[in-house]
Structures are given as C-alpha cells and as structure tokens.
Amino acid sequence: MGSATGAMDKNGFQPSAWHFAALLGGNAALAIGPWFVRLADTGPVSLGFWRLLLPLPILLLLARRESGEQRLDRRRVFWIAFAGIAFALDLVAWHIGIHLTRLGNSVLLANSGSLFLMIWGLFQLRRAPHANEAAAIVAALAGGAILLGRSFEISAETLLGDLLCLTAGAFYVLYLIPAQKARQGLGQWTVLSLVSIAGAPVLLLIALAAGEPVLPSTAGWLPVVAMATTGQLVGQALIVYSLRHFPPLIIGLALLSQPALAALVGWLAFRETLAPADVLGMGLVAAALLIAKLAEPRSAAPRRR
C-alpha cells in the first residue's frame, strides 16, 4: 500500500503500510473470534455477556478521551437501548450458530449485514435495484442456497447453524441503524460503550433463563478474555483506526478475508473441510457482500464484531 507515510490518491485517501496492516489485523482479530466461542466452557450466550462486560472499562476510558460535545438526550437513549438489545440478540444467534455450523459459514453468513443494509436502503429509496445491486441479490440467493443445501446434506443441525448466523446478520443491521442515529452527537467509543451497557444485562438474563453456565472455570477464562479482547476491542479499534483511509472497494475486499481465515481455522483446529460446492457457494455470497459493500454509505459500513 505504499510507504509508511503514504501517498494520497485521486479520491483523497492517504493509506500507509500501517493503515493497511491495521485493516487486515482488525479483520483477522474478528475472524478468529468463532474459534474462542468453540473453546469457551461457558454457554454461548454467557460468553456474549462477558464479551460486552470485560472490555467496558477500556471503552469508557476511550469514550472520555473523545473530543467534542456529547449530547445524550431522550431520543438518543432510546436508539442506544434499541441498538443494545439488537446487538445482544445478534450475539445470541451468532454464538449459538457458531457451535452448530462450520466456522467459515458462520463468519460469512453473519457478515450478511452488508446485503441486508443494501436492501434496506433500496426499500427506503422506494426504487428497484440497479444492475449491480440486482446481481448482488441474485449471487447471494444462489450462494446461500448452495451453502444451506450443503449444510442440509451434512445434518439438520448445521442447517440450523447457518440459519442462526443469517439471523445474526439481520440483527446486526437492526443494531447498526439505530447506533448510527445515536452517533449523531456522540463519539464512536461513547456509542459502543453505551450499547455494551445496554446489551450486557439482556445477554445475562437470556443466559440465566436458558440455564447456561455463566462463570468459566479457572482455565476457561483464557478463551473468554481472548474473545472479549479480539471481538470487542482490538478488532474494532484497528478497523475504526484504518477505515477512513481506504475506499469502499479495499474495505470490502479486506472484509472478505474474515470468512477465508475462519475457514482456515476451522480446517486446522476442527478438521472442517470444504467441498467444491462449498467454495462455489462461499464465493457467490462473498461476491454479493463485496458488491453490497460498494453500495453502502461509508458512515454505515457494518464492521463484523
């Protein structure tokens, strides 16, 4: 991507090698999160609770350092509460789905928020999709049908896992839209801190109602802390740092490194293999997500977990 100082391109972006490393590092940190979900000896919903709770002191410290006036009125409180509940439900669906399907599928399908966001934008504009948008929808439907069909061939359990990860992608958009509304007048870290405060109790209540083990064992704290650090803090921080330095095409291509890395982890750690049909389905969905990413406003770009 150039020298350490970087060179500005014709669109005004000025990426450097450090920005590129941060972009890839952030996506890598988010991609290995499902591995820690599998390793944790808490319940999957309980892990979501710890994921929001443990990084909170650091997020609050970062929020205090944000410049500008912070305006927390009743309307923003409503949007933050809505976003927190949606994010909690997103983690419920995703963490359970990770246990039921292959790691590559779990990350790819959970990132379907880009496609859902594009469809939501078309609905708001009340217009038919353009050619590239229609191509994204067709590719997503075809790729999703292949992946779901392959999961059904393996077992009904993996099919359920895929559907849960798709549901997580929809919940992520329901988190993203109100979070962006709250962001108008509040800093990035302030919003993330408040969303975590709103979502953590929801996850704890669901975990207790489901009878999940909440406290990890002594040895079990390592994957819990690792998931909270990589999923909620390091990955987000690196991507937030690098995001403004790249055009949507580069951001979208970097996003697609997540399912590829997750599939590699699934193969190395759990011997999850991909058949040619799996690769075709993942390729079609990945292409759809990339096209949808190019259609997004930059301020609304969803960043997976």
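Rules behind the numbers
- Residues numbered from 1 in each chain as written.
- Predicted model: local features only at pLDDT ≥ 70, side-chain atom pairs only at ≥ 80, totals over all residues.
- Heavy atoms only, no water.
- Helix = DSSP H or I, 4+ residues; strand = E, 2+ residues; numbered from the N terminus.
- Rg over C-alpha atoms; globule rule 2.2 N^0.38 Å.
- Buried < 20%, exposed > 50% of the residue type's maximum accessible area, 1.4 Å probe, protein only.
- Contact = heavy atoms within 4.5 Å.
- Areas by Shrake-Rupley, 256 points an atom, 1.4 Å probe, with all protein chains shown as cover.
- pLDDT = per-residue confidence, 0-100.
- Phe/Tyr/Trp six-rings, centres within 6.5 Å; stacked < 30°, edge-to-face > 60°.
- Lys NZ or Arg CZ within 6 Å of the ring centre and 35° of its normal.

A. Representation of the overall build of the protein within the structure. A tally of regular secondary structure across the protein gives 14 helices and 0 strands. Secondary structure elements of the protein occur, N-terminal to C-terminal, as α-α-α-α-α-α-α-α-α-α-α-α-α-α. Taken against the 2.2 N^0.38 rule, which gives 19 Å for 305 residues, the C-alpha radius of gyration of the protein at 19 Å falls within 12% of a compact globule. Expressed along its principal axes, the backbone C-alpha trace of the protein runs to roughly 50 × 50 × 45 Å. The buried share of the protein, taken over its 305 residues, is 50%. In the protein, the share of contacts with a sequence separation of at least 24, taken over all contacts with a separation of at least 6, comes to 86%. When the accessible area of the protein is evaluated, it comes to approximately 13700 Å², of which 71% is carbon and sulfur surface.

B. Inspection of the confidence of the model for the protein at higher detail. Of all residues in the protein, 90% have pLDDT values of 70 or greater, and the mean over the chain is 84. Element-level mean pLDDT values for the protein span from 73 in helix α12 (residues 248–255) up to 96 in helix α3 (residues 44–53). Here residues 1–5 is a poorly scored stretch, pLDDT under 50, and it has 12 contacts once near neighbours within four places are set aside; other chains count. Ignoring residues within four places in sequence, the model shows residues 298–303, a span with pLDDT below 50, making 27 contacts including any to other chains.

C. Geometry of α3. Summarising burial for α3: 9 of the 10 residues are buried, a large majority. By the burial criterion, the buried members of α3 are P44, V45, S46, L47, G48, F49, W50, R51 and L52. Of the surrounding elements, those touching the buried residues of α3 are α2 (33–39), α4 (56–64), α5 (74–100), α10 (188–209) and α11 (221–243).

D. View of unusual backbone geometry. Even without a glycine there, the phi angle at R271 is positive, about 55°. You can call R271 exposed: its relative accessible area is 61%.

E. Representation of the packing of aromatic side chains within the structure. As enumerated under the stated definition, the model contains 8 aromatic pairs in all. The structure contains a cluster of three or more aromatic residues connected by ring pairs, namely F49, W50 and W221. Over the aromatic face of F270 sits the side chain of R38, whose NZ or CZ is 4.7 Å from the ring centroid. Here the guanidinium or amino end of K181 rests over the ring plane of W79, the centre of that ring lying 5.4 Å away.

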